[in-house]
Number of protein chains: 8
Amino acid sequence: GFAVIDHHRTLRKGFPEVIFCQGKTIEQIVWIFSKLGEENRNILGTRASMEVFLSVQKLYPAAIYNELARTIVVSQGEDSNKTGNVLVMSAGTTDLPVAEEAAVTAEVMGNHVRKAYDVGVAGLHRLLDKLELIRWAHVIIVVAGMEGALPSVIGGLADQPVIAVPTSTGYGASFNGLSALLGMLNSCASGISVVNIDNGFGAGAMANTITRMIEKVAHEDKFKK
Amino acid sequence: GFAVIDHHRTLRKGFPEVIFCQGKTIEQIVWIFSKLGEENRNILGTRASMEVFLSVQKLYPAAIYNELARTIVVSQGEDSNKTGNVLVMSAGTTDLPVAEEAAVTAEVMGNHVRKAYDVGVAGLHRLLDKLELIRWAHVIIVVAGMEGALPSVIGGLADQPVIAVPTSTGYGASFNGLSALLGMLNSCASGISVVNIDNGFGAGAMANTITRMIEKVAHEDKFKK
Amino acid sequence: GFAVIDHHRTLRKGFPEVIFCQGKTIEQIVWIFSKLGEENRNILGTRASMEVFLSVQKLYPAAIYNELARTIVVSQGEDSNKTGNVLVMSAGTTDLPVAEEAAVTAEVMGNHVRKAYDVGVAGLHRLLDKLELIRWAHVIIVVAGMEGALPSVIGGLADQPVIAVPTSTGYGASFNGLSALLGMLNSCASGISVVNIDNGFGAGAMANTITRMIEKVAHEDKFKK
Amino acid sequence: GFAVIDHHRTLRKGFPEVIFCQGKTIEQIVWIFSKLGEENRNILGTRASMEVFLSVQKLYPAAIYNELARTIVVSQGEDSNKTGNVLVMSAGTTDLPVAEEAAVTAEVMGNHVRKAYDVGVAGLHRLLDKLELIRWAHVIIVVAGMEGALPSVIGGLADQPVIAVPTSTGYGASFNGLSALLGMLNSCASGISVVNIDNGFGAGAMANTITRMIEKVAHEDKFKK
Amino acid sequence: GFAVIDHHRTLRKGFPEVIFCQGKTIEQIVWIFSKLGEENRNILGTRASMEVFLSVQKLYPAAIYNELARTIVVSQGEDSNKTGNVLVMSAGTTDLPVAEEAAVTAEVMGNHVRKAYDVGVAGLHRLLDKLELIRWAHVIIVVAGMEGALPSVIGGLADQPVIAVPTSTGYGASFNGLSALLGMLNSCASGISVVNIDNGFGAGAMANTITRMIEKVAHEDKFKK
Amino acid sequence: GFAVIDHHRTLRKGFPEVIFCQGKTIEQIVWIFSKLGEENRNILGTRASMEVFLSVQKLYPAAIYNELARTIVVSQGEDSNKTGNVLVMSAGTTDLPVAEEAAVTAEVMGNHVRKAYDVGVAGLHRLLDKLELIRWAHVIIVVAGMEGALPSVIGGLADQPVIAVPTSTGYGASFNGLSALLGMLNSCASGISVVNIDNGFGAGAMANTITRMIEKVAHEDKFKK
Amino acid sequence: GFAVIDHHRTLRKGFPEVIFCQGKTIEQIVWIFSKLGEENRNILGTRASMEVFLSVQKLYPAAIYNELARTIVVSQGEDSNKTGNVLVMSAGTTDLPVAEEAAVTAEVMGNHVRKAYDVGVAGLHRLLDKLELIRWAHVIIVVAGMEGALPSVIGGLADQPVIAVPTSTGYGASFNGLSALLGMLNSCASGISVVNIDNGFGAGAMANTITRMIEKVAHEDKFKK
Amino acid sequence: GFAVIDHHRTLRKGFPEVIFCQGKTIEQIVWIFSKLGEENRNILGTRASMEVFLSVQKLYPAAIYNELARTIVVSQGEDSNKTGNVLVMSAGTTDLPVAEEAAVTAEVMGNHVRKAYDVGVAGLHRLLDKLELIRWAHVIIVVAGMEGALPSVIGGLADQPVIAVPTSTGYGASFNGLSALLGMLNSCASGISVVNIDNGFGAGAMANTITRMIEKVAHEDKFKK
Ligand SMILES: Nc1ncnc2c1ncn2[C@@H]1O[C@H](COP(=O)(O)O)[C@@H](O)[C@H]1O
Ligand SMILES: Nc1ncnc2c1ncn2[C@@H]1O[C@H](COP(=O)(O)O)[C@@H](O)[C@H]1O
Ligand SMILES: Nc1ncnc2c1ncn2[C@@H]1O[C@H](COP(=O)(O)O)[C@@H](O)[C@H]1O
Ligand SMILES: Nc1ncnc2c1ncn2[C@@H]1O[C@H](COP(=O)(O)O)[C@@H](O)[C@H]1O
Ligand SMILES: [Mg+2]
Ligand SMILES: [Mg+2]
Ligand SMILES: [Mg+2]
Ligand SMILES: [Mg+2]
Ligand SMILES: [Mg+2]
Ligand SMILES: [Mg+2]
Ligand SMILES: [Mg+2]
Ligand SMILES: [Mg+2]
């Protein structure tokens, strides 16, 4: 077979395998969706074209497509009580597809998600309007292209874990996101870590790992012993 | 003046400015140590040579130098109750300086730290002996050079947030850590984020941001409302 | 003329020139196929589009096209006794085109080929199900994109020669396979060597060189003297 | 001869050739200093070691060495009326050598220079204390290493021309200043241009070109016609 | 909302936000144009396709499209008295789109703009015909691809600030403008600073920052006190 | 105007400007062809699409298009006596477009051109068949992609000047010709110099500069004095 | 502990862990040597300085140091019957340290090793003198720096598996071995695979994996069933 | 043996092997010098330290060391009639070591050599003083670091073959000569080819190949037939 479903994934990681659709044939994608559906958990597909969605929709008529984020979500009645507060911020308007992928991922994995888009460092006052939102969050995802400076500024203001996502927004010496990636890795603020260029999914999943751990400790009281 | 101490740092981030000693003159370093000492908090200096340490020790006779990690710690009677469980793992023996920098950072910021060194993927059984330790942790820091594969394997086994630290260990096409950095950014496991090459400090600080948030939520019960 | 057929190739290397179709015009490809056909050996074309195949099929109606691998095979009744055991493994489903190119190459050059696809390191248990297959092999080809960690893990478990093939699967900081390539070159396991990104053909041909040498030594008993 | 003094330089550019000492022998440097001295203008040498300075000092006992900036200045009674206001800012303390090179250059070319060092984006309030200084300036030079985010923030606040200087401060993925360079080139703020990594001299000279043009227009009233 | 208009931009920078159209949907672009129109200032959109223009034109029938520069300008009766003299030079004919973007930007922001195109260093006499134009300018923008040598030659001849713009013109080892970018950053002439590859907009805006400062000083006589 | 014809080019370099068509509009190209035609010399256009050719043909019905090389040649009755012997060699069949561009350039500039294609190092005997041709040449152009090893081998065998042209043939770690370029620059044979990736034109023009100098010296006997 | 000895290594891979000395302290190295000595197998240390050797020699007086290869070998009476024929070739004299590391590794692991050094492609006749040696080999290791062309030529002549080792020999655009590495990965000959830059050890170990498999098949006759 | 002298080199290339001393031990170098001495031709060693020279001098007391170029020349009474005119130009004073290596190489191989140093493009008038020298030359070697613009300007003025040599002079974004290398490869002038960074030897040898061919044709009159 061309694919081996990792059925233990939910046990180990709390969420089933997420389907990375780019580079797979439609037949492969539909087959994997159908196999994962047997687990009766919510299913997430990323980097899906409209064409892929239409084929998946035949199998799951209730599947939802987010055109900007290019995600497919199949809800199977699970996870109604949300556990963590995840704030997704973006520097510009052109970063929205990646920011939305992060937001969809964090949400389908069981988090409250709020958004503050287009608040980049060239107009700092826009950011200062968002201090309330920042205080609300348990984890902050910061999405930025070009020079990727926003996470440093957020990391200087906030005490939450900051997950920085460089985007391939830009041209010339942005080298398809390399500029933002290097900027974020070299941030002079602390409490920041970085995922791959355009990896909204990875940021959402990392945020979820943190909020799940928060919830686990809070519930089991294991933390205080 | 050549330096402006960020005295609000403790308020915003829960820990004072950490002194990055590399590239500063001894006079500059000692002056900053003396200024930070006025806050009566623990002080951390990183990337400090033995020569730097000897000058700082004149000011603070109780300062402690970790030769492998190249850190200076000045304890001023603070932070006796530890709050989070941070596990630091390394793939090889040559990664120890970076792993130790991460461990010292997490510890001085108020965490329980345990270590599992030299457990790289070329001998997987060494890793399987550490499952108990993995279960203990709230956050796992994974330090690796060369191909940087260990975080992917840990990320596949564990449900904690994994902070991956590439090291400049290696030669040739490791390109001073680029190989490990790219490997970690492209990890096919989820729940992983990455800091700069050799940035043990950044990993320790990120881990601390997470455990502080866990503690905050558990105490305030804010999470359940 | 635009091409000089290397008619000594079979003498020197045990297999005729393989036609690299990418970047050649259809006229050039068909002419080379027709010339190679005169040797009465099996012919292999790689990186062939469907359009190229249809033109070659007019010349050799029995030609076979593998759409995933993009290979054309013209069998001319040769090489029925297979000599070596080649196992082709892949980390993910998106690595299949490259894995299939390797498999077709090894097979047409006279080897038994088995496959274990989608067994990447993020779910190690999938790999442990394949130990029987691993023991069967004389040579193992491991195909992986993204962080390219699978060859290190296989190299740690197996004592066969491992030929690692990085793929351009991935995005962002995978830099079209650079990430996997560097990972494999820096593998901390031993007994691994690497071919070009997406070079399934090269891996299959290298594997064949090894199995041919095994056969030669076993037959001639030259090895024991 | 090994060197051809560009004696027209003062006519064309308003300042004689500046001596780049790195990579020249002491004999070559002293010879060039002696030749330039014949023009009776101030002389500037950059990237000079202490050893170079001691040899130049024998020729010009009044020569002044700035150890941090590694510059030699020989004043020959010229240029007492300063014409422009140049503000030099740095993100961190380790950027000082480059910032000082810029300051010395702008000053010796005939400008008022003020400095605001260690005001990086991880503690924005330090920057807001400098708004008065910013208003004073005709041109702002912003020196920063690591992620190089400070010019974007200054460029968002100020309406003066901003000259951004990346420094090689940092380690790992800063790639000796590449990270800061790319960040500055991709700045989302406008009114920013960039010079080479560690090129304090180039920034000072560019600033001087601007203030000289301001003075020229103001004097000749040419601007209003 | 997907965008936060920076309504203070005109106050801080003297010109409203410029709309970077690349990577935005048509709906987003039209919405931002309509919002910016409320300020009653001229509006500039860059990197706009013909399709984008046609949608904007429905909102502002007087909008003007420069097909080479790919800019949209909406004039709202503002800024008739031009203030600075900006000369835009290009090395070759293929650099025209970037040179035109710079010219349109400088012009809409309130400058006199003249042009000297196709005067690259392979035929220096073409350049010497332009000395009169050079003397006229307050700021010179030099646009060049391939080896990017023109700014060094201009910087050697002229005493104005030179803003160098590398273009992605070329092939092979030009690496999409990297060659020209590095050449300009390493210029051995002084008084040169550089913007991003193909960033005509950034060069025009930087030139405007300089001419605005010239005008400000000349008017307020602040410079002479 | 968008273009300034360098009418002195023929005087200085012995051949008029060559029109680099890529990145120019058809109107621009036709205008330049018409201007150059006034000099009554042969005209060469490179990197021309079929569409460009059809427009030029309307102006010059006798224009000749080489589809592989993508060149347009307009002959105006000049240069019948050929002066130098230029041999163009290629490693593979896929290098033909670049090899042909070199051949057309050298020929239109007045040289005898012979060709030896597809004689790469993987089958050395093919090369040894060409020793006669090698002896005939005054200059050898060697075109190769992938590892670019052919110039080293030719440079070891021949005493003529070798001009090496890397091509973007290949995939993966060939990085669009970077691999061949670096190989050629690092050749351990002597008497080799290199032009840009895919720059057949540059190689032909360099070869012509050499044969023109040979002819000049031979005619003027200047060499023997 | 700082190190975890992989005592199963001999079982899995047929040879104990090899000690990579670079980046380890002398104390760490000596401790690992003493632990590995308990297995009563031959021990190999690579990248060892003379200082490291002198400390190891105190523990094992019979330890042998190869100064060129920088290897330490401790023989403990094992493995007298050699099994495979490994030929090590080098392009130049400066490649000897890496070639010797490969030779020592292959030998200590139980192979017959012969050598053909300084036979690079700039003087092909030197290579043709070695055809007898080539026929003798079961596996060929080819070590080359600069353009790295030798493996392609060997791969075209020989039917054995070729393991190519790029070296950091060279300067300028060799980029510390990158040039040779890319050349080898893009070889147009088949039956070649590549290890890391300067990785003589890896090549020797890969060769040994192949000869061990040859021996295994020849002995068990498993191959013919 | 560690080295195989290529005794046919003089026959094939007109000059014996040149000894590249960097990376060889003193014993190896002296042995090669002694072997080459048996041919009774002039011997050239490059990249030789003073220490190497002193050892060679013991063998050949008349050996001459050029400290700037780091070359050793042993003259054995050969080659008194010089054949070609080679002009070596440099952009700056720091390029002298490379320029001198080129000059020594061209001279010892039998050419008249003249020099024009420190004539870079930032002061074009210095170059115009050299037009007489330029007319004298048969071949021009142009050595430049930083932006590497000088070859383009020379290539625009002169009709001789231009051999461009990038140097590692500079800092920051010169990336050890990469900037100059890319600039030269992308030159918009024609009749230019490029050798490796800092490869003065290669440029001298290439120039010699051209002048030898000129002489050969002029003598044999072969050219006119
Ligand atoms: N997919 C492939 N990747 C790399 N090399 C290949 C591939 N297919 C064929 N080749 C090699 O390319 C050679 C032919 O190159 P050419 O002369 O350009 O047709 C063959 O002899 C093979 O060794
Ligand atoms: N062609 C351009 N290149 C670079 N930056 C631009 C360009 N056009 C506009 N900008 C900047 O991009 C900012 C808007 O970014 P965004 O919020 O993504 O729309 C504007 O305020 C301008 O400073
Ligand atoms: N294929 C080519 N590759 C590189 N340079 C070329 C090519 N064809 C023409 N050129 C050069 O490009 C110059 C014209 O540049 P431009 O002014 O942009 O048209 C000509 O004078 C040639 O020297
Ligand atoms: N400075 C140099 N740069 C590049 N190649 C050189 C240099 N000096 C000598 N060579 C070449 O290196 C070859 C010797 O290489 P090796 O066998 O390693 O000694 C000589 O034959 C020359 O072709
Ligand atoms: Mg915006
Ligand atoms: Mg170990
Ligand atoms: Mg899978
Ligand atoms: Mg500071
Ligand atoms: Mg032109
Ligand atoms: Mg071929
Ligand atoms: Mg040699
Ligand atoms: Mg000079």
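Scroll up for the structure.
Residues numbered from 1 in each chain as written. Chains lettered and ligands numbered in written order. Predicted model: local features only at pLDDT ≥ 70, side-chain atom pairs only at ≥ 80, totals over all residues. Heavy atoms only, no water.

## Quick word on the interface of chain F and chain G
Where interface size is given, it is often the accessible area lost as the parts come together that is meant. Keep this limit in mind: In what follows, residue pairs with any heavy atoms lying within 4.5 Å of each other are defined as contacts. Summed over both partners, the accessible area lost on bringing two parts together, with a 1.4 Å probe, is the buried area. When a carboxyl oxygen of Asp or Glu lies within 4 Å of a side-chain nitrogen of Lys or Arg, that pair is called a salt bridge. Residues adjacent in sequence count toward polar contacts only when both atoms are side-chain atoms; beyond that, a polar contact is any pair of N or O atoms within 3.5 Å, and within protein one must be able to donate a hydrogen and the other to accept it. The helix and strand labels rest on DSSP assignments: H or I over at least four residues marks a helix, E over at least two residues marks a strand, and numbering proceeds from the N terminus.
With 22 residues of chain F at the interface, the matching set in chain G holds 22 residues. For the pairing of chain F and chain G, the buried interface totals around 1900 Å² over both sides, and the portion due to carbon and sulfur atoms is 69%. When residues of chain F are sorted by the area they lose upon contact with chain G, Glu147, Leu182 and Asn186 of chain F head the list and together hold 31% of the total. Where chain F touches chain G, the interface holds 0 salt bridges. At the junction of chain F and chain G, the tally comes to 12 residue pairs in polar contact (both at pLDDT 80 or more). Of all the secondary-structure elements, those providing two or more residues to the side of chain F that touches chain G are helix 7 (150–157) and helix 8 (178–185) of chain F.

## Looking at the relation of the copies chain F and chain G
What connects the two chain copies is a rotation about an axis and a shift along it. Rule in force here: When the copies are superposed, the least-squares fit draws on C-alpha atoms of residues that have pLDDT of at least 70 in both.
The two copies are related by a screw motion: chain F maps onto chain G through a turn of 180 degrees and a shift of 0.0 Å along the axis, at an RMSD of 0.0 Å. On the angle and the small slide along the axis, the relation comes out as a two-fold axis. Taking C-alpha positions as the reference, the residue of chain F nearest the rotation axis is Ala149 of chain F, at 2.6 Å. A high fraction, 100%, of the interface residues of chain F reappear at the interface in chain G, so the copies pair face to face through one surface.

## Points about the packing of helix 2 (residues 26–37) of chain D against helix 3 (residues 50–59) of chain D
Residue and element names in this part refer to chain D. In plain terms, the rule: The axes used here are C-alpha line fits, helices contributing only the stretch in contact, and every angle between their N-to-C directions lies in the interval 0 to 180 degrees. Angle categories are assigned with fixed cut-offs, so that under 35 degrees is roughly parallel, over 145 is roughly antiparallel, 65 to 115 is roughly perpendicular, and the rest are oblique. Crossing handedness follows the turn of the near helix against the far one: under a right angle anticlockwise gives a left-handed crossing, and clockwise gives a right-handed one. Note on residue classes: Ala, Val, Leu, Ile, Met, Phe, Trp, Tyr, Cys and Pro are nonpolar, Asp, Glu, Lys and Arg are charged, and everything else, Gly too, is polar.
At a minimum axis distance of 10 Å, the contact between helix 2 and helix 3 shows a crossing angle of 40 degrees. Judged by the inter-axis angle, helix 2 sits oblique to helix 3. For the crossing formed where helix 2 meets helix 3, the hand is right-handed. On helix 3, the residues that touch Ile26, Ile29, Val30, Phe33 and Ser34 of helix 2 are Glu51, Val52, Ser55, Val56 and Leu59. In terms of residue class, the contact of helix 2 with helix 3 is made up of 7 nonpolar, 2 polar and 1 charged.

## Some words on the pattern of salt bridges
Residues and elements named next belong to chain C. Our working definition: The classification of residues rests on relative accessible area computed with a 1.4 Å probe and restricted to protein chains. Under 20% of the type maximum is buried, over 50% is exposed, and intermediate values are partly exposed.
Summed over the entire model, instances satisfying the criterion amount to 56 salt bridges over all chains. Put simply, Glu100 and Lys115 hold a salt bridge, and the shortest N to O gap is 2.9 Å. You can see Glu100 sitting in helix 4 (residues 96–108) and its partner Lys115 sitting in strand 6 (residues 111–116), a full 15 residues away along the chain. Using a relative accessible area of 11% as the deciding quantity, one classes Glu100 as buried. Of the residues examined, Lys115 reaches a relative accessible area of 41% and is grouped as partly exposed.

## So, helix 9 (residues 200–220) of chain H
Applied cut-off: The length a helix should cover is 1.5 Å for every residue beyond the first.
With 21 residues, helix 9 of chain H extends 30 Å between its outermost C-alpha atoms, agreeing within 8% with the 30 Å of an ideal straight helix rising 1.5 Å per residue. Burial within helix 9 of chain H is extensive, with 17 of its 21 residues counted as buried.

## Remarks on the relation of the copies chain B and chain A
Superposition of chain B onto chain A requires a rotation of 180 degrees combined with a translation of 0.0 Å along the rotation axis, giving an RMSD of 0.0 Å. In this assembly the copies share their binding face: 100% of the residues contributing to the interface of chain B also contribute to that of chain A.

## Details of the packing of aromatic side chains
Definition in use: Between rings of Phe, Tyr and Trp, where Trp is taken as its six-membered ring, a pair exists when centres lie within 6.5 Å; planes separated by under 30 degrees are stacked, by over 60 edge-to-face, and by other angles tilted. Only when the NZ of Lys or the CZ of Arg is both within 6 Å of the ring centre and within 35 degrees of the ring normal is a charge said to sit over the ring.
Tallying each qualifying case throughout the model produces 32 aromatic pairs over all chains. Here Arg114 of chain B stacks its cationic end above the ring of Trp136 of chain B, 4.4 Å away from the centre of that ring. Seen from the ring of Tyr171 of chain B, Arg47 of chain G lies directly overhead, with NZ or CZ sitting 3.7 Å from the centre.

## Focus on the interface of chain B and chain A
Facing the 43 residues of chain B at the interface are 43 residues of chain A. Taking both sides of the interface into account, the surface hidden between chain B and chain A amounts to around 3800 Å²; carbon and sulfur atoms contribute 61%. Summed over the shared surface of chain B and chain A, the number is 4 salt bridges. The shortest N-O distance in the salt bridge between Arg212 of chain B and Asp159 of chain A comes to 3.6 Å. If you list the elements that add at least two residues to the side of chain B that touches chain A, you get helix 1 (9–13), helix 6 (131–136), helix 7 (150–157), helix 8 (178–185), strand 9 (192–194) and helix 9 (200–220) of chain B. Sort the elements by how many residues they give to the side of chain B that touches chain A and helix 9 of chain B lands first, with 14 residues. Per-class residue counts for the side of chain B that touches chain A are 20 nonpolar, 14 polar and 9 charged.

## Some thoughts on the state of the cysteines
As used in these notes, a disulfide is a covalent bond between sulfur atoms, one from each of two cysteines. Short version of the rule: Counting rule for disulfides: a pair of cysteine sulfur atoms within 2.5 Å.
Following the criterion strictly, the structure yields 0 disulfides over all chains and no others. Cysteine Cys188 of chain B is unpaired, with the sulfur of Cys188 of chain C as its nearest cysteine sulfur at 16 Å. No disulfide involves Cys21 of chain H; its sulfur sits 16 Å from the nearest other cysteine sulfur, which is in Cys188 of chain F. Accessibility expressed as a relative area gives 3% for Cys21 of chain H, which makes it buried.

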